[in-house]
Amino acid sequence: MAKTASKPGYRCAECGWRTTKWVGRCGECQAWGTVDEEGARGVSVVQAGATTAPALPIGQVKAEVAAARTTGVAELDRVLGGGLVPGAVVLLAGEPGIGKSTLLLEAAARIAERETVLYVTGEESAAQVRLRADRIGAIQDRLYLAAETELSALVAHVEKVQPTMLVVDSVQTVGSAQATGVPGGVTQVREVAANLVRLAKERNMATVLVGHVTKEGSIAGPRTLEHLVDVVLNFEGDRHSRLRMVRAIKNRFGPTDEVGCFDLHERGIEGITDPSGLFVSRRSEPVPGTCVTVTVEGTRPLPAEVQALVARTDAQQPRRTSSGLDTYRVQMILAVLERRLNARLGGCDVFTATVGGIKLADPAVDLSIMLAVASAAGDKPLPAGLVALGEVGLAGELRPVKDVRRRLSEAARMGFKRALVPAGSLEEGGRRRNGQRALVPVGPVAFAPGFEVVQAENVWDALTHVT
């Protein structure tokens, strides 16, 4: 019987989708230029080979080897979960000019005070990096600098310097002769990242990779890049502002909800240990359309101000514009205002924004958005010293949110005198008495000396308490 020739197969480098013929766009993830030929191969039998180390009972594995070591930058340690773990691979992504290189050069200099660090740059010359190091005071004897764009040369530098920490700026500029395509392409980035991860694990060397982002804000390169590394950090901030924030998107060694705040200036970058007050305007008299809330980033409560502007318009389709807030969440709150509180917003442009460039995705911000819009629509300021937090439901009810006591304590520390929260927010941990839910009175409650907490069941009660 004649054997039929096997047809070549094609596979998407992003999501693994397969097809029998080549296409320019993946049919699963819709990515362009990621489908490559893989060939039809049968399953081969793999023989047993040599092991790098014997398998041990998990209780005999030394955990001290993977203990985190501080970077010398407290805010970066907070996001990493205590510091850099030996052998860990960290991907730091952000927009061009946001300050990624400055932050890593600062951290590398701090670590070089006690360990050997190799900084490999592929985007700048060694002299350009030296000028930045002079400006921010990052000159250390144990900090080695190399300008390379070839993977084999990078590995040679690692062999010679023997660093305990490696910084590659950036992974998209490094190419390998063993892979096809140009540096920065899907195949090249995957090959370079896989080799750097293998090098970090073999040498127990902490490695930090700088990554570019696309115009949509996602990390450039194949999705496998994020799966290969241990930690993915996102560097955020307005290029016209000095405030920078680092968030953990993925972290195998710590929390993924922490945020680090930094101040970028001409002398370098500094961590902000107490960012409370950065996202709140300072004014002597209340202004219509403003309301302060308290969001929680990891373990850190942050007071933030929400501003709203409502203006009449003759356009057939009024504008709904948001900055720093979830647009769809704002539209839902506007619908609740119109339906439950009979607010007339159909012929008005509504603009909402946050102060200081912070992005708020916490459901506890809902109540402050509603009060800010209602205050702007009625042109009446809210009472001075008021903070509001709570989730707004489609039926107009207010739902409690987590960490209310921590949020209120921070508000009291910042000098606020009154808080508006959903009913039941101050219940203790059990929340039940004799199998029944404990009833909590609605109205003012003394939370701290000179600080009053008002509990409301729905948006109508909330608006009544503040007007």
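Scroll up a little and you will see the structure.
Okay, so let's go over this structure. Quick caveat: nothing in here was measured; it's all calculated off a predicted structure.

Reading the values: rules and limits
- Residues numbered from 1 in each chain as written.
- Predicted model: local features only at pLDDT ≥ 70, side-chain atom pairs only at ≥ 80, totals over all residues.
- Heavy atoms only, no water.
- Helix = DSSP H or I, 4+ residues; strand = E, 2+ residues; numbered from the N terminus.
- Buried < 20%, exposed > 50% of the residue type's maximum accessible area, 1.4 Å probe, protein only.
- Contact = heavy atoms within 4.5 Å.
- Areas by Shrake-Rupley, 256 points an atom, 1.4 Å probe, with all protein chains shown as cover.
- Lys, Arg positive; Asp, Glu negative; His and termini not counted.
- Charge placed at Lys NZ, Arg CZ, Asp CG, Glu CD.
- Pairing = 2+ DSSP bridges.
- Axes fitted to C-alpha atoms, helices over the stretch in contact; angles between N-to-C directions.
- Parallel < 35°, antiparallel > 145°, perpendicular 65-115°, else oblique.
- Left-handed = near helix turned anticlockwise from the far one by under 90°.
- Polar contact = N/O pair within 3.5 Å; in protein donor to acceptor, adjacent residues only side chain to side chain.
- Salt bridge = Lys/Arg side-chain N within 4 Å of Asp/Glu carboxyl O.
- Core = buried A, V, L, I, M, F, W, Y, C linked by side-chain atoms within 4.5 Å.
- Phe/Tyr/Trp six-rings, centres within 6.5 Å; stacked < 30°, edge-to-face > 60°.
- Nonpolar A, V, L, I, M, F, W, Y, C, P; charged D, E, K, R; others polar.

Next up on the list: the overall build of the protein chain. The helix and strand inventory of the protein chain stands at 10 helices and 24 strands. Taken across its 467 residues, the protein chain has 46% of its residues classed as buried. Within the protein chain, counting contacts between residues at least 6 apart in sequence, those at least 24 apart form 66% of the total. When the accessible surface of the protein chain is totalled, it reaches about 24,200 Å², and 51% of it is carbon and sulfur. Separation between the mean location of the 55 positive side-chain charges and that of the 52 negative ones in the protein chain comes to 3 Å.

Strand residues, when the strand is regular, have side chains that alternate between the two faces of the sheet. Pairing of strand 13 (residues 290–297) with strand 14 (residues 300–312), which is carried by 8 bridges, proceeds in the antiparallel orientation. Its bridge partner being in strand 14, T293 is matched across the sheet by A304. Here strand 14 pairs with strand 16 (residues 348–354) via 7 bridges, running antiparallel. Directly across from A308, in strand 16, lies its bridge partner T352.

This paragraph deals with the packing of helix 8 (residues 366–378) against helix 10 (residues 459–466). Where helix 8 meets helix 10, the closest approach of the two axes is 11 Å, and the angle between their N-to-C directions is 55°. The angle between helix 8 and helix 10 falls in the class oblique. The two elements helix 8 and helix 10 cross, and the hand of that crossing is right-handed. Where helix 8 abuts helix 10, its residues L367, M370, L371 and A374 lie against V459, A462, L463 and V466.

Along the chain, T71 falls in the loop between strand 3 (35–37) and helix 1 (74–80). Taking relative accessible area as the criterion, T71 reaches 1% and is therefore assigned buried. A distance of 3.3 Å separates the side chain of T71 from the backbone nitrogen of V73, its partner in a polar contact. Within the structure, T71 has its side chain in polar contact with the side chain of D77 (distance 2.7 Å). Beyond its immediate chain neighbours, meaning those up to four positions away, T71 contacts L76, D77, L80, L84, A107, R110, I111 and R114.

All right, on to the pattern of salt bridges then. Taken as a whole, this structure holds 26 salt bridges when the rule is applied. Note that R319 and D349 form a salt bridge whose closest N and O atoms lie 3.6 Å from each other. Placement of R319 in the loop between strand 14 and strand 15 (320–323) and of D349 in strand 16 is noted, with a sequence separation of 30 residues between them.

Next up on the list: the nonpolar core. In globular proteins that are soluble, nonpolar side chains generally tend to be buried together. With 44 residues, the main nonpolar core has L337, L367, I369, M370, L371, V373 and L420 as its most contacted residues. With 7 residues, helix 8 is the largest single contributor of residues to this core. Apart from residues no more than four positions distant in its own chain, L371 is found in contact with C291, L382, A388, L420, L463 and V466. Counting residues in hydrophobic clusters, the runner-up holds 36 residues, among them L76, L103, L104 and I111.

By the definition in use, this model includes 1 aromatic pair. Considering the side-chain rings of F235 and F262, the 6.5 Å spacing of their centres and the 85° angle between planes classify their relative orientation as edge-to-face. You can see F235 sitting in strand 9 (residues 231–236) and its partner F262 sitting in strand 11 (residues 259–265), a full 27 residues away along the chain. Using a relative accessible area of 1% as the deciding quantity, one classes F262 as buried.

On to the sheet that holds strand 10 (residues 243–251). The sheet built from 9 strands is open, its strands ordered 6-5-7-8-4-9-10-11-12 with mixed pairing. One side of each edge strand has no neighbouring strand; the edge strands of this open sheet are strand 6 (143–147) and strand 12 (268–271). Within this sheet the neighbouring strands show an average axis-to-axis angle of 20°, counted without direction. Bridge analysis of strand 4 (residues 89–94) against strand 9 gives 5 bridges, and the strand direction is parallel. The residue of strand 9 that forms the bridge with L91 is V232. Contacts from helix 4 (residues 151–161) reach strand 5 (117–121), strand 6 and strand 7 (165–169), with the element oriented near 160° to strand 5.

Glancing now at the environment of V330. On the secondary structure map, V330 appears in helix 7 (residues 327–340). For the pair V330 and V350, spaced 20 residues apart in the sequence, the C-alpha separation amounts to 9.7 Å. When sequence neighbours within four positions are dropped, the list of residues in contact with V330 reads S322, L325, T352 and I369.

Cis rather than trans, the peptide bond between D169 and S170 has omega equal to 0°. Residue position: S170 is located in the loop between strand 7 and helix 5 (186–203). With a phi angle near 55°, N204 is a residue other than glycine that sits in the positive phi range. By the secondary structure assignment, N204 is in the loop between helix 5 and strand 8 (206–211). The residue N342 is not glycine, and still its phi comes out positive at about 55°. With respect to the helices, strands and loops of the structure, N342 is situated in the loop between helix 7 and strand 16.

Below, the discussion takes up the packing of helix 4 against helix 5. The geometry of helix 4 relative to helix 5 is characterised by a closest axis approach of 11 Å and an angle of 15° between their N-to-C directions. Considering the angle they form, helix 4 stands roughly parallel to helix 5. Relative to helix 5, helix 4 is oriented so that their crossing is right-handed. Counting all contacts with helix 4, which are made through L151, L154, V155, V158 and E159, the residues of helix 5 involved are V192, N195, L196, L199 and R203. Taken together, the residues of the contact of helix 4 with helix 5 sort by class into 7 nonpolar, 1 polar and 2 charged.

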